[in-house]
Amino acid sequence: MITIQEKPSLARRTTLGIGGTALAEVQVTDALDCFALDSIVKKIGGTPFILGAGSNILADDGELPFVLIHPNIRTEPIISYEVEGKALVTVGAGFPLQKLLYFCAENGLSGLEGLVGIPGNVGGAVAMNAGSYGVETCAQLHSIVLYHPEHGIWQVDAAAIQYGYRYFCPCENLKNYMVLQATFALTQKESNGIKKSMSLNFLKKKSTQPVAARSAGCVFKNPLGESAGRLLDAAGLKGKQMCGMAFSSVHANFLVNEGGGSAQAAFALIDCAREAVLQQFGIQLEMEVRVISWQSR
Ligand code: EPU
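Here the structure is a predicted model, which means the values were calculated and not measured.

## Quick look at the site of the ligand
(1) Moving on: Around the ligand there are 20 residues in total, and Tyr 165, Arg 166, Cys 218, Asn 222 and Asp 233 lie nearest to it.
(2) Moving on: Take Lys 238: an N or O atom from its side chain is 3.2 Å from an oxygen atom of the ligand.
(3) Moving on: Contact distances for the ligand include 3.3 Å between an oxygen atom and a side-chain N or O atom of Glu 288.
(4) Moving on: With the chains in place, 70% of the 820 Å² that the ligand exposes on its own is no longer accessible.
(5) Moving on: For the shell around the ligand, the secondary structure elements donating two or more residues are strand 16 (215-218) and helix 6 (228-234).
(6) Moving on: Examining the composition of the shell around the ligand, we find that three residues originate from one element, helix 6, more than from any other.
(7) Moving on: Of the residues belonging to the shell around the ligand, the class tally is six nonpolar, eight polar and six charged.
(8) Moving on: Formed jointly, the shell around the ligand draws a minimum of three residues from each of two domains, domain 2 (78-208) and domain 3 (215-292).

## Brief notes about the domain arrangement of the chain
(1) Moving on: Taken domain by domain, the chain holds domain 1 (2-71), domain 2 (78-208) and domain 3 (215-292).
(2) Moving on: With 16 residues of domain 1 at the interface, the matching set in domain 3 holds 20 residues.
(3) Moving on: Between domain 1 and domain 3 lies a buried interface of about 1400 Å² when both sides are counted; carbon and sulfur atoms form 63% of it.
(4) Moving on: On the domain 1 side of the contact with domain 3, Leu 16, Asn 56 and Leu 58 bury the most area, a combined 47% of that side's loss.
(5) Moving on: Across the domain 1-domain 3 interface, the total number found is zero salt bridges.

What counts, and at which threshold
Residues numbered from 1 in each chain as written. Predicted model: local features only at pLDDT ≥ 70, side-chain atom pairs only at ≥ 80, totals over all residues. Heavy atoms only, no water. Near = heavy atom within 4 Å. Polar contact = N/O pair within 3.5 Å; in protein donor to acceptor, adjacent residues only side chain to side chain. Areas by Shrake-Rupley, 256 points an atom, 1.4 Å probe, with all protein chains shown as cover. Helix = DSSP H or I, 4+ residues; strand = E, 2+ residues; numbered from the N terminus. Nonpolar A, V, L, I, M, F, W, Y, C, P; charged D, E, K, R; others polar. Domains from an automatic or database assignment. Contact = heavy atoms within 4.5 Å. Buried area = accessible area lost by both parts, 1.4 Å probe. Salt bridge = Lys/Arg side-chain N within 4 Å of Asp/Glu carboxyl O.

Structure (structure tokens):
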């Protein structure tokens, strides 16, 4: 099913809870709906932006010239067959990542435990190569199914996917593709052991990150061999507030909306942090969150 909503609020579609409105949001719940997307987007006339659960997004204030495309394909995970001693789990891109982790734990399938506590959907975790505690989403893939306006729908095997630290490239020089489905190759292990490892990881996360705050996770990438959080902390940014936004007092690399925050305040804090880290350590911090803005940020 395809649904179109005019002037969707980005504040309501992102975990950070800030941002203005887009031109429209087009939601698809089935892979075959994608074939109608191109003409719908052209008719509306804005720049397409693929938006999953909005948990790694910083959206600008005001009226933004984008058409949000929301792949809400929530197909439940299915364990298919074993390949080279691994079990394959196929799931829709719009399925919540944490629900997938609990499904895997219940079924004694190991590989994704480190991703516990990461919000968002499976598609977003793949497209960002989300990672924590030594686990990278893309390293566990067997294959994915993609949609692209010019290429249609096709499957890409894991071996053809290039990925790295918060980097995912399923096909060279291809933009505006959309992940529709992912198949993970997981190892069969005892369910209780997987659950234990997940709860240990979650406890660690809870004690070092503001898991309940309105944030988009880490705002900057870690520079090679360094932690952006440590640098920001050392530069005095931890807990720094500005008009409802702040660098968390739990972990300095989390930009949080404490209530009534805006993108203007977020970008002002980001600029201030970049400047401080550059001055003090000579390191240029790069954004980890994806920015939706009408100007280049
Ligand atoms: N640190 C500080 N002050 C802070 C925060 C951290 O001194 O305010 C120090 C810590 O004490 C530690 C070091 O910096 O010695 C590293 O901190 P942490 O273990 O919290 O890891 P991180 O490098 O800050 C990365 C990922 C997280 C991921 C964790 C756990 C990035 C940008 N961050 O954080 O991912 O959850 O490791 O694996 O890669 C995200 O991608 O959004 C994210 C939160």
